[in-house]
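# Descriptive analysis of the structure
Listed below, chain by chain, are the residues.
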Amino acid sequence: MEGSQPETDASTAPPLAALAITSREHTDVTTRDVVFDLRDVDLYYGATLAVSGLNMLVHKNVITAMIGPSGCGKSTVVRTLNRMNDSIPGFRVSGQVLYHDHDVYAGGVDPVEVRRRIGMVFQRPNPFPKSIYDNIAWAPRLLGQKHNLDERVEKALRGAALWDEVKDRLKGSALGLSGGQQQRLCIARAIAIEPDVLLLDEPCSALDPIATALVEELMQDLKKDYTLVIVTHNMQQAARVAERTAFFSLDVSGGKRTGVLVEYDDTEKLFTRPSDKRTEDYVTGRFG
Amino acid sequence: MSTLGADPLMDPKRPLSATGNLRRRRRTDRLMRGVATAAAILAVAILAIVIVTVTGKGASQLSLSFLFKDPAVGLDAVGGGIANAIVGTALIVALATVMAAPIGVLIAIYLTEFSTPRTARPIRLVLDLLNGMPSIVIGVFAYGLLIEGGQQAGWAGSFALAIIMVPLIARATGEMLTLVPRELREASHALGISRWRTIVGIVLPSSLGGILTGLVLAVARSAGETAPLLFTTSIFSNSTTVNIFGTALPNIPLIIFSDSESAFPADHARAWGAAVVLMAFILIGNLGARAMLARQRGKFQSQ
Amino acid sequence: MSSSARDDVVAPSEQDLRPHFHQELAELERQALGAIEIVIEQFDRTLDALAHQEISLARIVIADDDRVDGRYLEVHQGILSLLARQTPVAGDLRLVAALLHMIMHVERMGDQCVNIAKLIPLSGHEPPIQDDVLALLGRMGALARTAVVQCKKAFQERDLPLAIDLIRQDGEINKLNREIFNAALAAGEDAEAREWGTYMVLAARAIERIADNAVDIGEQVAFVVTGLFQEFSDSYRPAIRTGMQA
């Protein structure tokens, strides 16, 4: 880099800092609409505080990843978003979990309606023991979306990058598909009811590398229509896939283990210049 | 280098023949295996003896007329068929099933889907106690509740049998329902489907085969129960009748009982024949149920 | 683990499983190669300024170096981001490493242009030029320009023979450098003429450095293609020329 300034001319070079990434494409996703707003959220299992002091915004059409060591509450947090933890006895939420400004845990909120808009894909593929067609068509039928079922099924399967592989055997059993195909079927099943948000709880842990890559690429397409939140214990996956990443860790002070959100930022920033030393230690592998 | 000292038997490079007290251990092993095998053979032998004896004594009675004709009527009547008992048993058991199945299935659904550990425990305890209740006590109860002061009736027998069947159906159904993986229910809930619709649309259809199996087993069990019918539907005529609500119906267990006490050898023979029919029904029912169960268990694994 | 009765229908070798990452990598390469284009523009303007001893053109060159530096920062940031997020391996990783080297050499080339541009006003207005020196500088500059264009093409097309050819051109440029040195020495007794001659020697040296950087970029081409890093030199071993996989 040239150190000396040109002597006489008025059009001197601007100082170095201003030369930073101006024309390189860097979209600021935090300007988009807020889908989830978590305010001072504490999550309890009975008397045990599982996650503490959670404040976080999730934005529209963005892939947000949650990473961190095992047991730090990532799955608990994501299952809190669509009230899937209701069936766990003793589970309790304090603070506000706002979804488009509605508190998901307010009295009078129908959890079934919550889950209608916030869908979920699980760690192990769990297709129903029905045909491929019925797996996808079953929920829309029950929810009253009865007309144009064939188109709906095709649209969902195309959206999950599965149509070409199964279009000739829609009546075949879903259990005859490979693991990667079953997981994409579960994604198709989830998007068939046209949710607003898709939560993915370690969606690739049970899949081989090629199936994983297919699902990761699929997510890039899905984010155009849905807001995605993904929990993963594979931080490289979060690095590849997500625009925003939240790093959770365990606070072991006071003899109790509580999950806390340590750092939440653009993925690139988290993996090149993390602000918190705990984040740096985790992503560089200096501690698990 | 081995740090195990100079013990030559511990040298890993030695040839692989038996060492140490292996010979004694082998003998003990063989002895215990022999004992266990003998016990298993004994169990099979007992069943075989029962089957062989009963079939031996009763197979000669088996004929179309035996199965389709009523017992001979008249003052000197001996022999004849057991058609009335077959029809009677079928009706009594059918009515019992109609009474017991819905209750048993619904109890199981409550236990697996809706109960908390606190509410589940007393209910399971009650079911276990009911299961262990002597059938004669149930029979007396049914008599006292439904018949005392009045006339015997087939449906009272069905009622008593239903009480016996409920715990069986509830337990079998419960086992089938818990076989349905939790992930399947979760998947349905995550789609915004209510709990009851999930049960009706996903859980029950998946376990239907198993539930039917449980029903078949319960039916097989109750078809052979004698004591409950003793008090409720034991005084009956020799002709086939279907009036289950008005009068006592003939049934196989009681035919066996009364015929065996008769003075006439022809009646004894008929009792053996009836026993063969009953035993065959139980065996076929059990084996068929087991086959259906095996198919059910394999249903949730990906092929 | 799930068992599979059927394999996924698409054969792995036929489908790019990470298209977004590969697009990002291709875009990064485009940006880096675009930087060479900017430097070629700069160089043209520099040679023009040199040929006509034009001070105003020289000033433009100096100011425009910001564009090269800006592109350098962009590509640098892009490389860091790609390494952090996408964990490239094998050929992809070599490409990223090569791009890092390449963009540094491009930035050096830009700096050399500025060095030449700064020399022009120093000789003042109406300098005592030696036509033969200017002619030699023109030829040297043209050759160096060809080398820069060629190194860009070699990188873009992963053309190893084309990259190795840069050595030949570098040799010719070195020869011209020596000629200019000798011609400047024969400037005579005039102090101003000698001063001007000295500046032109410095300019020639800067052009020679530009050509060296082009050769260095050629070495990066060899690294991307063969996975081996070897200095190109006049007496390079035949092993480089033959036997390496594309």
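Presented here is a report on the structure given in the accompanying data block. Residues take numbers from 1 onward in each chain, read along the sequence in its written order. Starting at A for chains and at 1 for ligands, labels are handed out in the order in which the entities are written. Where totals are concerned, whole chains, interfaces and linings use all residues; where local detail is concerned, this predicted model gives features only for residues with pLDDT of at least 70, and gives and counts side-chain atom pairs only at 80 or more.

## Quick look at the overall build of chain C
Note on conventions: DSSP H or I runs of at least 4 residues are helices, E runs of at least 2 residues are strands, and numbering of each starts at the N terminus. A tally of helices and strands in chain C yields seven helices and zero strands. Along chain C, helices and strands appear, N-terminal first, in the series α-α-α-α-α-α-α. The burial tally for chain C puts 39% of its 246 residues in the buried class. Residues with at least 20 other C-beta atoms within 10 Å of their own are called buried, those with 12 or fewer are called exposed, and the rest are partly exposed. The C-beta atoms themselves are positioned from the backbone.

## Observations regarding the interface of chain B and chain A
Here, residues touch in the contact sense if the C-beta positions derived from the backbone fall within 7 Å of one another. Between chain B and chain A, the residue contacts involve 19 residues of the former and 23 residues of the latter. For the side of chain B that touches chain A, the element with the most residues is helix 7 (residues 182-190) of chain B, which contributes six residues. Under the scheme applied here, ten amino acids are nonpolar (Ala, Val, Leu, Ile, Met, Phe, Trp, Tyr, Cys and Pro), four are charged (Asp, Glu, Lys and Arg), and all others, including Gly, are polar. Among the residues making up the side of chain B that touches chain A, the classes are represented as seven nonpolar, eight polar and four charged.

## Section: the environment of B:Ser206
By the element assignment, B:Ser206 lies in helix 8 (residues 195-223). The exposure class assigned to B:Ser206 is buried, which follows from the 21 C-beta atoms found within 10 Å. With 93 residues separating them in the primary sequence, B:Ser206 and B:Glu113 have C-alpha atoms 15 Å apart. Those residues in contact with B:Ser206 that sit more than four places away from it in its chain are A:Pro129 and B:Val180.

## Quick word on the packing of helix 1 (residues 19-52) of chain C against helix 3 (residues 90-122) of chain C
Residue and element names in this part refer to chain C. Working convention: axes come from line fits to C-alpha atoms, limited for helices to the stretch in contact. Angles between N-to-C directions cover 0 to 180 degrees. Between helix 1 and helix 3, the least distance of the axes is 9 Å, while the angle of their chain directions is 15°. As the angle between them shows, helix 1 and helix 3 are arranged roughly parallel. Viewed along their axes, helix 1 and helix 3 form a crossing whose handedness is left-handed. The residues of helix 3 that touch helix 1, namely those facing Leu-25, Leu-28, Glu-29, Ala-32, Ala-35, Ile-36, Val-39, Gln-42, Phe-43, Thr-46, Ala-49 and Leu-50, are Asp-92, Leu-95, Leu-99, Met-102, Ile-103, Val-106, Met-109, Gly-110, Cys-113, Ile-116, Ala-117 and Ile-120. Of the residues in the contact of helix 1 with helix 3, the class split is 19 nonpolar, three polar and two charged. Here roughly perpendicular refers to angles of 65 to 115 degrees, roughly parallel to angles under 35, roughly antiparallel to angles over 145, and oblique to all remaining angles. By definition, turning the near helix anticlockwise from the far helix through less than a right angle yields a left-handed crossing, and turning it clockwise yields a right-handed one.

## Focus on the nonpolar core
By size, the foremost hydrophobic cluster in this structure holds 132 residues, and its most contacted members are A:Ala188, B:Met165 and B:Ile169. No other element matches helix 6 (residues 154-179) of chain B, which puts 16 residues into this core. Not counting the four nearest positions on each side in its chain, B:Met165 is found in contact with B:Ala96, B:Thr97, B:Ala100, B:Gly104, B:Ala218 and B:Ser222. Residues of type Ala, Val, Leu, Ile, Met, Phe, Trp, Tyr and Cys that are buried and joined through C-beta atoms within 7 Å form what is called a nonpolar core.

## Here's the deal with the packing of helix 6 of chain B against helix 8 of chain B
All names here are of chain B. Where helix 6 contacts helix 8, the axes come no closer than 8 Å and their chain directions differ by 150°. By the angle between their axes, helix 6 is roughly antiparallel relative to helix 8. Seen from above, helix 6 lies across helix 8 with right-handed handedness. Across from Leu-161, Ile-164, Met-165, Leu-168, Ile-169, Ala-172, Thr-173, Met-176, Leu-177 and Leu-179 in helix 6, the residues of helix 8 making contact are Val-203, Ser-207, Gly-210, Ile-211, Thr-213, Gly-214, Leu-215, Leu-217, Ala-218, Arg-221 and Ser-222.

## As for the pairing of strand 2 (residues 48-59) of chain A
All names here are of chain A. Here, any two strands with at least 2 DSSP bridges between them count as paired. Bridge count between strand 1 (residues 34-45) and strand 2: eight bridges; the pairing is antiparallel. By the bridge assignment, Tyr-44 is partnered in strand 2 with Leu-49. Here strand 1 hands over to strand 2 after two residues, with Gly-46 in that stretch at a positive phi of 65°.

## Topic: helix 6 (residues 179-191) of chain A
All names here are of chain A. Helix span is expected to be 1.5 Å times the residue number reduced by one. Here helix 6 spans 19 Å end to end across 13 residues, near enough to the 18 Å set by a 1.5 Å rise per residue. In terms of burial, helix 6 is a largely internal element, twelve of the 13 residues being buried. Buried within helix 6 we find Gly-180, Gln-181, Gln-182, Gln-183, Arg-184, Leu-185, Cys-186, Ile-187, Ala-188, Arg-189, Ala-190 and Ile-191. Tucked inside the fold, the buried residues of helix 6 contact strand 6 (118-121), helix 3 (132-142), helix 4 (149-159), helix 5 (163-166), strand 7 (197-201) and helix 7 (209-222).

Shape descriptors only; they carry no functional weight alone.
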